[in-house]
Amino acid sequence: RASFGGATGLLLFGFATATWQVIAIRAFVGVMAGAPAAAMALMAAGTPRPLLPRALGHFQASTLLGLALGPVAAAGLIGALGYRKTFIATAVLMYAGATVSAVLIREERVVEEVLVVETGEITASDFQPDLRPPAVKPAGAIRVMLRSRVVWCALILVMVLSFAAPMIQPILASFVSDLEPAGRSTTGLVGWLFFGISVASAFSALMSGRLIRRLGLQTVLLISCIGVGVFLIPAGSVSTFEQLFVLIVLMSLFQGALQTSAVALLPSVVSSAAISSVFGLYQSVQALSAQLGPALGGALAVSVGFSRVFPIAGISLLLLGLPMLWLFKRVVAADQARADVALAGPNTVAIE
């Protein structure tokens, strides 16, 4: 639905003749959106739990590479075909992807009775789908999910960790212009900067699955949070574009791992029946961060200047993210302790 709807919207863009039509079509595309959440849910349902962080890392990497290469391809198509035919060409590409999803992908219903945050060794049973009907229907699983302290804590953690990098997006082009001599064009430099950000984030997302399996999900989240903050803070004090490029690209390496870890965190705290819903909530949280971050960054730039937005974003991430990571760890531990007591029976005393 999301892919066919998005493709139809792109096709209609190619035939729009008035501004109100463009606005209406854009609203239609927004209503039909949801392909990333559905794709992540599909991957989570058909991937063994120990391999899920790696699979989601590949998904994030492909998405980020698309963001890096898409504008480059669009510029070439616009130069050769014009705007209208470019919309039609991209619609055809998206229809092709939607057709692949509808025809070639076969969903398998995987039901798990017990979920744990840290996965163990892969066994043969990890690859065998359980075709029995779930004990709890999806609607009931969603209600249980929304009553869970762990789920709410995870969603708040994702929001806290997601807002810092978007804060600097609306000021990067202007900040690069301030660094360069007056009269020099910075369009190419800004393009290379955003290309470097996308490639670094994609590479990091690709490698994050291995890091999560080796170090643990919460450890990668902690290291990534610190890395983003550490490289954001000095970025506002640079005097050349080259210095800014190095710091922002290094920050993006940690940002890619942070995004992938945040995505992999959510399936670990819900049942299989609620995976699609929790990924939908994740998309909503990400969208909110993507709106609040740039808005806050732009307002700060007007109030205190471009250079101060970078340290404010980095320090805010550390001051909010690190305590939230600690709180999430405590909530998960308390929830696991209650589950152990419930499984052990009423006559068992739990001692921390």
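Note that the structure is a prediction, hence the values are computed from the model and not measured.

A few points about the overall build of the protein chain
Move 1: The secondary structure content of the protein chain amounts to 14 helices and zero strands.
Move 2: When the helices and strands of the protein chain are listed from N to C terminus, the series reads α-α-α-α-α-α-α-α-α-α-α-α-α-α.
Move 3: Across the 352 residues of the protein chain, 39% fall into the buried class.
Move 4: Counted over contacts in the protein chain with a minimum sequence separation of 6, partners at least 24 positions apart contribute 80%.

Regarding the confidence of the model for the protein chain
Caution is warranted with low-pLDDT regions, since their predicted coordinates should not be read in detail.
Move 1: Averaged over all residues, the pLDDT of the protein chain equals 78, while 82% of them reach at least 70.
Move 2: When pLDDT is averaged over each helix and strand of the protein chain, the minimum, 60, is found for helix α6 (residues 138-146) and the maximum, 91, for helix α1 (residues 2-13).
Move 3: Note that residues 109-136 has pLDDT below 50 and, in this model, 41 contacts with residues that lie over four places away or in other chains.
Move 4: Every residue in residues 348-352 scores below 50 in pLDDT, and together they form two contacts with partners more than four places removed in sequence or on other chains.

Quick word on α1
Move 1: The end-to-end C-alpha separation of α1 is 17 Å, in line with the 16 Å expected for 12 residues at 1.5 Å each.
Move 2: For α1, the set of buried residues is Ala2, Gly5, Gly6, Ala7, Gly9 and Phe13.

Considerations on the side chain of threonine 86
Move 1: With respect to the secondary-structure elements, threonine 86 resides in helix α5 (residues 83-103).
Move 2: A residue is classified by how much of its surface remains accessible, and threonine 86, at 7% relative accessible area, is buried.
Move 3: In terms of polar contacts, threonine 86 uses its side chain to reach the backbone carbonyl oxygen of leucine 77, at 3.4 Å.
Move 4: When near neighbours in sequence (up to four residues on either side) are disregarded, threonine 86 contacts Leu77, Ile78 and Leu81.

A closer look at a positive patch on the surface
Move 1: A cluster of basic residues, Arg54, Arg210, Arg213 and Arg214, forms a positive patch on the protein surface.
Move 2: If you tally residues by element for the positive patch, the top one is helix α10 (residues 187-215), at three residues.
Move 3: With respect to the helices and strands, the residue arginine 54 is situated in helix α4 (residues 52-81).
Move 4: When its relative accessible area of 39% is taken as the criterion, arginine 54 is described as partly exposed.

With respect to the environment of glycine 34
Move 1: Residue placement: glycine 34 occurs in the loop between α2 (19-32) and α3 (35-46).
Move 2: In the structure, glycine 34 is positioned 28 residues away from glycine 6 in sequence and 9.5 Å away in space, judged by C-alpha atoms.

Observations concerning a nonpolar patch on the surface
Move 1: A cluster of nonpolar residues, Leu65, Leu69, Val72, Trp192, Phe195 and Val199, forms a patch on the protein surface that exposes about 560 Å² of accessible area.
Move 2: Those elements that provide at least two residues to the nonpolar patch are α4 and α10.
Move 3: Within the element layout of this structure, tryptophan 192 appears in helix α10.
Move 4: Look at tryptophan 192 and you get exposed, because its relative accessible area is 56%.

Focus on the environment of leucine 67
Move 1: Mapping leucine 67 onto the fold places it in helix α4.
Move 2: Under the relative-accessibility criterion, leucine 67 is labelled exposed at 56%.
Move 3: Sequence separation of leucine 67 and phenylalanine 195 is 128 residues, and the distance between their C-alpha atoms is 8.8 Å.

Some points on the nonpolar core
In globular proteins that are soluble, nonpolar side chains generally tend to be buried together.
Move 1: Ranked by internal contacts, the top residues of the largest apolar core, which has 65 residues, are Ile168, Leu244, Ile248, Phe310 and Phe328.
Move 2: With 10 residues, the top contributor of residues to this core is helix α12 (residues 241-265).
Move 3: Setting aside residues no more than four positions away along its own chain, isoleucine 168 makes contact with Leu232, Ile248, Met251, Val309 and Phe310.

Quick notes on the packing of α4 against α12
Move 1: At a minimum axis distance of 9 Å, the contact between α4 and α12 shows a crossing angle of 135°. With respect to their mutual orientation, α4 and α12 come out oblique. In the crossing of α4 with α12, the sense of the turn from one axis to the other is right-handed. Residues Pro53, Leu56, Gly57, Gln60 and Leu64 of α4 lie in contact with α12, whose contacting residues are Gln259, Thr260, Val263 and Ala264.
Move 2: When grouped by side-chain class, the residues that make up the contact of α4 with α12 number five nonpolar, four polar and no charged.

Description of the side chain of serine 162
Move 1: For serine 162, the position within the fold is in helix α7 (residues 149-162).
Move 2: The buried category is assigned to serine 162, whose relative accessible area is 11%.
Move 3: In this structure serine 162 touches Gln286 and Ser289, once residues within four positions along its chain are discounted.

Rules behind the numbers
- Residues numbered from 1 in each chain as written.
- Predicted model: local features only at pLDDT ≥ 70, side-chain atom pairs only at ≥ 80, totals over all residues.
- Heavy atoms only, no water.
- Helix = DSSP H or I, 4+ residues; strand = E, 2+ residues; numbered from the N terminus.
- Buried < 20%, exposed > 50% of the residue type's maximum accessible area, 1.4 Å probe, protein only.
- Contact = heavy atoms within 4.5 Å.
- pLDDT = per-residue confidence, 0-100.
- Expected span 1.5 Å × (residues − 1).
- Polar contact = N/O pair within 3.5 Å; in protein donor to acceptor, adjacent residues only side chain to side chain.
- Patch = residues over 30% accessible without salt bridge, like charges linked within 9 Å, V, L, I, M, F, W, Y side chains within 5 Å.
- Areas by Shrake-Rupley, 256 points an atom, 1.4 Å probe, with all protein chains shown as cover.
- Salt bridge = Lys/Arg side-chain N within 4 Å of Asp/Glu carboxyl O.
- Lys, Arg positive; Asp, Glu negative; His and termini not counted.
- Charge placed at Lys NZ, Arg CZ, Asp CG, Glu CD.
- Core = buried A, V, L, I, M, F, W, Y, C linked by side-chain atoms within 4.5 Å.
- Axes fitted to C-alpha atoms, helices over the stretch in contact; angles between N-to-C directions.
- Parallel < 35°, antiparallel > 145°, perpendicular 65-115°, else oblique.
- Left-handed = near helix turned anticlockwise from the far one by under 90°.
- Nonpolar A, V, L, I, M, F, W, Y, C, P; charged D, E, K, R; others polar.

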